[in-house]
Amino acid sequence: MIMVAFKTRFNSASCLFRCILLSIRELIFSGIIPSARSGRTLPRLTLLLTIHIPVHMIISNSDRFNNTDIPQKLSIYLMTTNALLNLCGYIFIVLLYRHSIQTIFNRKIPTLQRDKNGCILAEPHPAIKSFNTHLSMLRPLEILFRFITAPLRVLPDVIVLGETRCGTTNLCGHLVSVAEASSSSSPRSGEINGERMRHIKCYTPFCPWAFPELDHKESFYFVGHYLGIVDPYFYRMAFPLKITRWWEERVLGNIFFCFDGCAQYLTSPSAPYLIASAYQNENSGSGEYIPPSLVACVRDPVDQAVSWWKYENNACSWGESMGLTEWNTTLRSNDYPPKSIGDALNFSQSSFIRNAYADAELLAKKLTTQQTSSKPFFYRIKRLPNWSITWPGGQLSTIGRSGKYSENVNRYNNVFNSFKRKPRSGFVHIVSIENQSRGRLLKAELHPIFADCMARSAHRGSNQTNCTNLMTSIDFAIDRMCAEDNFNTSRRRNSGRSLANSELEPSSFDIEELTKYFDSKLPDK
């Protein structure tokens, strides 16, 4: 009996040891090295540290440096700094990974697999594959740096609120194209109708995800991707430094603007209050509350629901390919994910989801009115609980809700009016997805968006107080960008794809039910 017990424990220890070794090998060769090649800062510092250690030993034992200890001290300082950055980076990325799996992918973190005798299988840890994927996409050190420097940064002039699958990526691309047109096609004389032509400088938002469809487009700040942090004050962490804006406007005389294009904001029950609060506390030259230019992209609600259903289910398939097989029913519910788009519609109208959205909205109201200490040491960062991220009930809880454009837009108008001393009829510009591929119609959509930007520029005292003169340069750039012989209709980067699982394809009955639902809820569809 003693020998059998000893053999069992030895086998268990041996399997555990092999599991650790295989996991380390998988982490290095499938995670750190490929991520460093793709440009991620943290893995590159890790490889640099492994090279620096033997180099430091050579410097310490070399006779050439016996007469001075400066190289050795410098090497120690650099190596210590790198080690601290690695320590902070990996602690933070583990927290981000855990948060992402539970609230964004709506899954449980994979655990060690055991055989029928209870011994750990001699294979890499099941979580390594999904962790390596996050290591290749996340920017932990950059996030920490931007939170530290948030007081030195600006807020965006344009926020594209969504809706998902309604052309937000396309519209953000057009905003960048306007700036490109001003730089590449300015008149030789430098003047337009006697007015000085100004170059437009567009700065895109920081994105925590190095993913082509998301990078330089959306910050994901107010939907809680940064460990649930949604503090309005730190929203500016995703945008340029104040000195950059000063340099562009005061020194170079350019037109400066930056934007955020997070498609999840429009349906979010908490985002309107948090965004409005961020701008209420912004200091402007006149002391007046100047909101950003808010934009909502729309399309036929049935088409939007079907497109979002396909997109999100493909994301679920991607999660499964990373080894994420167990759903986080504790956080969401046993009904998530819905098995069909019809089930998703019923799920979004259930009392569970209605109560969750109402609770999230109430929580956001409390966060924006919560008093914080004037002493930075006692400042408590405002966070959303996991159940309310990124949408209460999960991403597919928005089927049927995201198509209620009037209701969602009115919520923003009401919230911003409650923060502004001088109410106005509307704050949100509506842009149809169909108009984004037609130069003449797109021009009419872009003009009021930039007009709001220039109002912010004039009120912050940027030495560009004449909005009319600024709009002359902007209208010229828009005309050039939207010209029929030069208009790029292929700007869209986030086009729809067919479902990876064809069994989830919406049936004609599902489409009919969606049509009936939106006809009853949105008669002015």
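Because the structure is a prediction, the values reported are computed rather than measured.

Undergrad: Give me the lowdown on helix H9 (residues 301-321), citing residues and values where you can.
TA: Helix length check: H9 (21 residues) gives 30 Å between terminal C-alpha atoms against 30 Å at 1.5 Å per residue, within 8%. Positive backbone phi, approximately 90°, marks Gly323, located one or two places after H9.

Undergrad: Give a description of the packing of H9 against helix H15 (residues 508-521) that names residues and reports values.
TA: At a minimum axis distance of 9 Å, the contact between H9 and H15 shows a crossing angle of 135°. Regarding the angle of H9 to H15, the classification is oblique. Remark: the crossing between H9 and H15 carries right-handed chirality. Note on element contacts: H15 touches H9 through Ile511, Leu514, Thr515 and Phe518, opposite Pro301, Val302, Ala305 and Val306.

Undergrad: A description of the pattern of salt bridges should follow, citing residues and the corresponding values.
TA: Where side chains of opposite charge bring their charged atoms close, a pairing between them can arise. Evaluation of the coordinates by the stated rule reveals seven salt bridges. Two residues, Glu512 and Lys516, come together in a salt bridge whose shortest N-O distance is 3.5 Å. Here Lys516 and Glu512 lie together in helix H15, a separation of four residues that amounts to about one turn. Classification of Glu512 as partly exposed rests on a relative accessible area of 41%.

Undergrad: Talk me through the sheet that holds strand E5 (residues 255-260); I want residue IDs and the actual numbers.
TA: Spatially, the five strands line up as an open sheet ordered E4-E5-E1-E6-E7, and their pairing is parallel. Strands with a single pairing partner mark the edges of an open sheet, and in this sheet they are strand E4 (200-203) and strand E7 (428-432). Across the sheet, the mean angle separating the axes of adjacent strands is 25° when strand polarity is ignored. As paired strands, strand E6 (residues 293-298) and E7 are joined by five bridges and run parallel to one another. Along E7, the bridge assignment pairs Val298 with Ser432. In the packing of helix H13 (residues 439-459) onto the sheet, the strands contacted are strand E1 (158-162), E5, E6 and E7, and the crossing angle to E7 comes to about 155°.

Undergrad: Before we move on, could you go through the environment of Val302 and cite the residues and values that matter?
TA: One can find Val302 in helix H9. Sequence-wise, Val302 and Gly403 are 101 residues apart; in three dimensions their C-alpha atoms are separated by 7.5 Å. Look past the residues within four positions of Val302 in its chain and what remains in contact with it is Ile511, Leu514, Thr515 and Phe518.

Undergrad: So what's going on with helix H8 (residues 271-280)? Which residues, and what values?
TA: Of all the ten residues making up H8, nine are buried; the element is thus mostly covered by neighbouring parts of the structure. When H8 is considered as a whole, its buried residues turn out to be Ala271, Pro272, Tyr273, Leu274, Ile275, Ala276, Ser277, Ala278 and Tyr279.

Undergrad: Residues and numbers for the packing of aromatic side chains, please.
TA: A full pass over the atoms with the stated rule returns 24 aromatic pairs. Cluster of aromatic residues (ring-pair linked, three or more members): Phe147, Tyr221, Phe222, Tyr226, Tyr233, Phe234, Tyr235, Phe239 and Tyr265. The side chain of Arg236 reaches across the aromatic face of Tyr233, ending 5.7 Å from its centre.

About the thresholds
- Here, residues in each chain are numbered from 1, in the same order as that chain's written sequence.
- Since the coordinates come from a predicted model, pLDDT governs what is reported: local features require at least 70, and pairs of side-chain atoms require 80 or more to be given and counted, while whole-chain, interface and lining totals use all residues.
- No hydrogens and no water enter the side-chain calculation; it runs on all heavy atoms of the structure.
- Only DSSP runs of H or I covering at least 4 residues are called helices, and only runs of E covering at least 2 are called strands; the numbering of each starts at the N terminus.
- Expected helix span is given by 1.5 Å per residue-to-residue step, counting one fewer step than there are residues.
- The convention used is that axes are lines fitted to C-alpha atoms, helices contributing only their stretch in contact, and that angles between N-to-C directions extend from 0 to 180 degrees.
- For classification purposes, an angle smaller than 35 degrees is called roughly parallel, one larger than 145 roughly antiparallel, one from 65 to 115 roughly perpendicular, and anything else oblique.
- Here a crossing is taken to be left-handed if its near helix is turned anticlockwise relative to the far helix by less than a right angle, and right-handed if that turn runs clockwise.
- Contact criterion: two residues are considered in contact whenever any of their non-hydrogen atoms come within 4.5 Å of each other.
- One speaks of a salt bridge when a side-chain nitrogen belonging to Lys or Arg is within 4 Å of a carboxyl oxygen belonging to Asp or Glu.
- In this scheme, a residue with accessible area under 20% of its type's maximum is buried, one over 50% is exposed, and one in between is partly exposed, where area comes from a 1.4 Å probe on protein chains only.
- By the convention used here, strands pair only if DSSP detects at least 2 bridges between them.
- Aromatic rings from Phe, Tyr and Trp, taking only the six-membered ring of Trp, are treated as a pair when their centres fall within 6.5 Å; an angle between ring planes under 30 degrees marks them as stacked, one over 60 as edge-to-face, and anything in between as tilted.
- In this analysis the charged atom, NZ for Lys or CZ for Arg, is taken to sit over a ring once it is within 6 Å of the ring centre and within 35 degrees of the ring normal.

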